[in-house]
Each structure stands twice: as structure tokens, then as C-alpha cells.
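Understanding the architecture of this molecule
Here are the chains, one letter per residue:
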Amino acid sequence: MQDLLSGLRVLDFTTNVAGPVATAMLADYGASVIKVERPVRGDDNRSFPPMMDGQGFIHFWCNRGKQSITIDLGDPDGKRIVEQLVRECDIVVESYRPGIMKKFGMDYESFAAIKPDIIYCSVSAYGLVGPYSKRPGYDLIAQAMSGQMDLNGEADGAPMKSGMTLGDYWAGLNAYSALVTAWFHHMRTGEGQMIDASLLQNLLFNNDTVLDYNIGQYKTRSGNDHPYHAPYGQFKGPDGRYLIICVERDDVWARLAGLLGHEELAGLTEQERIDHRLVHRNMIEEWLGGFETTDQALKALEEAEIPSCKVSNMKEVSTDPHVLENEWLTQVDLPEDITTLRSWLTRNVNVTFSKTPGVSKPSPALGNCNYSVLERLGMTKDEIDQLQKKWNP
């Protein structure tokens, strides 16, 4: 069985989260990814908490399946090595602030002069052009600027960020899809090209409320209630746990009204249910209070075919039988320099293929492939040691 992206060669200059996620996904499906890291420190995410044996957990996931080499990009010897690697690669991905790679002579134009059919992807906070392009930026800033935070939180409360780093992960996921699309184009035409992926653009892409501008409306926070459907949101269960109930159609509402013992309300329209949202919330939570546990209430909702679930905490997610049966979480070996554990439970690949499944692989120790990669370029072990000594004072 051949991996989907077997034979694809990637040179990875990414750091933090968004860029590394894109290249890790390429590695999941069989691409050969050489991660170029700074000597001594490596990728910033190696030092992001939580930590194990002095290394960040997020690094174990963001850099899975890659080969790590350490190069000082500001050193002429380092630049010569990079140029040799570019000649044998198909894709280059970087996530420095716009202008940094140009300073090193490693921007798209410089690499395209060496390898005209190179596919080059830049992952940044705001994109390569525009008044914000040179600003420092992070996931939280992208959430704020995209309108994401203004949509999160209670109606009478402050804007609220997502508990997940949505900007980073959306940018990484879409950079991955753009790279695969560009590679498909390359296979048909032989052309390379430049890809500009940013956190802000990708959060805007996923913000469907921007469309409301066309009808002169602007949504804002509505807590856990859906703005256009009711009852559709979060409700407090009898044991202090919370559950979700989603009523999107009239027939579902009719079944829920019957379950609540209020068959006379079964014919209410969507707008009438929205207008009486608070009344119905109190009615639902009073009904929930008649059970000893939230699980008992959920069983009744499921038997009535009311879309619903419990709000899971992370311990429950990590032991969920459905999640585990589908292997959406999986045990993966840790790098050889980690001694506290030999493997960890982590996220698996993003989708399931029937014939060419991806595999979540271990992340590399810093510089673990210095010898294997650089010797392939013709360097001797002594030459490699001398360079590393120069770059690791």
C-alpha cells in the first residue's frame, strides 16, 4: 500500500502552530518533510506549556512525522545548505513574519530562481500585503479582528475567545488543502506558484455572519442560543451538568413539546418559538429537573429522536467509546529524548481513507536528522559537527 503523498518532498521553515500543522498533515499522508529549525532552541512550540521532560506537548503534535535539522539561516554556510535542499524539494512552507525570509534571501522569488516549479506557501497572521501585513500577530488577535470574539459570549457579556486556537488550526488546515491543490495543478502543468495563507483570512472565510452585511444586519453575541432557531442551545441538567438540545424543524419541536407534556404547543412556528425562547427554556429546565441525572434525561430525548448531547469535559472526550472505536484519538510514540512516557494519547489524522489511510507519526528530537540529511548532500560527519559547533556556541 502506497501513501497518498508518497514521493512529495517538503522543506519546512515553520514555527509556532499554524504552519507546522499544515506540514504535519502532509507528513500524515506520506510526504517527506524536512523541518529546518534554529540551533539550540528549535521551533518555538518546543517550549510552549504544558511540558514533558523540558519539551512542549504541542510540539509533539505539530511536528509529527517530520525530520529535524538545525541550520542558522543567517549564516552563509546555512544558506548554501538550504539552497541545495530547495533543488531537491517540491514544496517550501514558511511562517515567519512577511519580509523575514526575503531578508535571508529565501523568499519565493529567490527560491523560484533556483527551482522554477517550486510551490511556496507563506503562513502568517494577516497575509503578505496590506497595512497590517508586517504586524506581529497571534491566534487571539486574529479571533478578535475577524469578528469571531464579538460573536462569542453571553448577549449582555463581554466578547469571548474560543477555547480552541481556531485561527491557527483553520489556517493550517487550509494551507494544507491549498498545498495539495497546488501540487495537483503542478502534476498537470509542471507549474509552481506562491500561496499566501493567513489566520485572519481563514477566520473570515469561516465567518458566515459577514454575509448579513448584504441585508443590513449585523449579528452579535447570543450566548449558547442559536439566533435563528429555538429551542436550540445549552440547558442545565438536574445534576449540574449541561446538555445541548437542537430543534431546527417543526416536527422535532412537536415531539419535544409532547415529551415536555405540552402537546398544545406542538403547532408553534419557528418565529413564535424564538419570541418565547425564555419561556420555553424555563419549561425545558423544569422538565429536566424531574430526572435524577442528566444521562436519564438524555435517554428520554434520544428515544424521542430529539437531537441532543451532554456537554463533555476533556476527560470524557478522551475516553469516549465512539471516539476510541473510530481511532480519532490514538497512541503515538514520543521522541527518543522523552523518558517520562514512551507514548501518548493524541489526536489522529483529520479524515479516514478506506485504502490509503494517514498515520499520525512521532515527532523528531531537535536535529535528529542532521547527519542523514546533510550527509546526503555530500557533507562529512566532521563538517557537520563543525557547523553545529559554530551554530551552538
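Residues numbered from 1 in each chain as written. Predicted model: local features only at pLDDT ≥ 70, side-chain atom pairs only at ≥ 80, totals over all residues. Heavy atoms only, no water.

1. What about the overall build of the protein chain?
- Across its full length, the protein chain holds 17 helices and 13 strands.
- Taking the principal axes of the C-alpha coordinates as reference, the protein chain spans close to 85 × 50 × 40 Å.
- A sequence separation of at least 24 residues applies to 67% of the contacts in the protein chain between residues at least 6 apart.
- Of the charged side chains in the protein chain, 38 are positive and 54 negative; the average position of the first set lies 7 Å away from that of the second. (Helix = DSSP H or I, 4+ residues; strand = E, 2+ residues; numbered from the N terminus. Contact = heavy atoms within 4.5 Å. Lys, Arg positive; Asp, Glu negative; His and termini not counted. Charge placed at Lys NZ, Arg CZ, Asp CG, Glu CD.)

2. Some points on the packing of helix H3 (residues 76-87) against helix H17 (residues 381-391)
- Following both chains from N to C, one finds H3 and H17 inclined at 130°, their axes separated by 11 Å at the closest point. Put simply, H3 runs oblique to H17. Two packed elements cross with a definite hand, and for H3 against H17 that hand is left-handed. Facing Asp77, Gly78 and Ile81 of H3, the residues of H17 in contact are Leu387, Lys390 and Trp391.
- Across the contact of H3 with H17, the residue classes break down as 3 nonpolar, 1 polar and 2 charged. (Axes fitted to C-alpha atoms, helices over the stretch in contact; angles between N-to-C directions. Parallel < 35°, antiparallel > 145°, perpendicular 65-115°, else oblique. Left-handed = near helix turned anticlockwise from the far one by under 90°. Nonpolar A, V, L, I, M, F, W, Y, C, P; charged D, E, K, R; others polar.)

3. Remarks on the packing of aromatic side chains
- On inspection of all chains with the given rule, the structure shows 11 aromatic pairs.
- Ring plane angle 35° and centroid distance 6.3 Å describe the contact between Phe13 and Phe111, whose orientation is recorded as tilted. Remark: Phe111 occurs in helix H5 (residues 108-114) and Phe13 occurs in strand S1 (residues 9-13); sequence separation between them is 98 residues. Phe111 carries the same exposure label as Phe13, and that label is buried.
- Between the aromatic rings of Phe57 and Trp344, the centroid separation amounts to 5.4 Å while the plane-to-plane angle is 80°, which identifies the pairing as edge-to-face. (Phe/Tyr/Trp six-rings, centres within 6.5 Å; stacked < 30°, edge-to-face > 60°. Buried < 20%, exposed > 50% of the residue type's maximum accessible area, 1.4 Å probe, protein only.)

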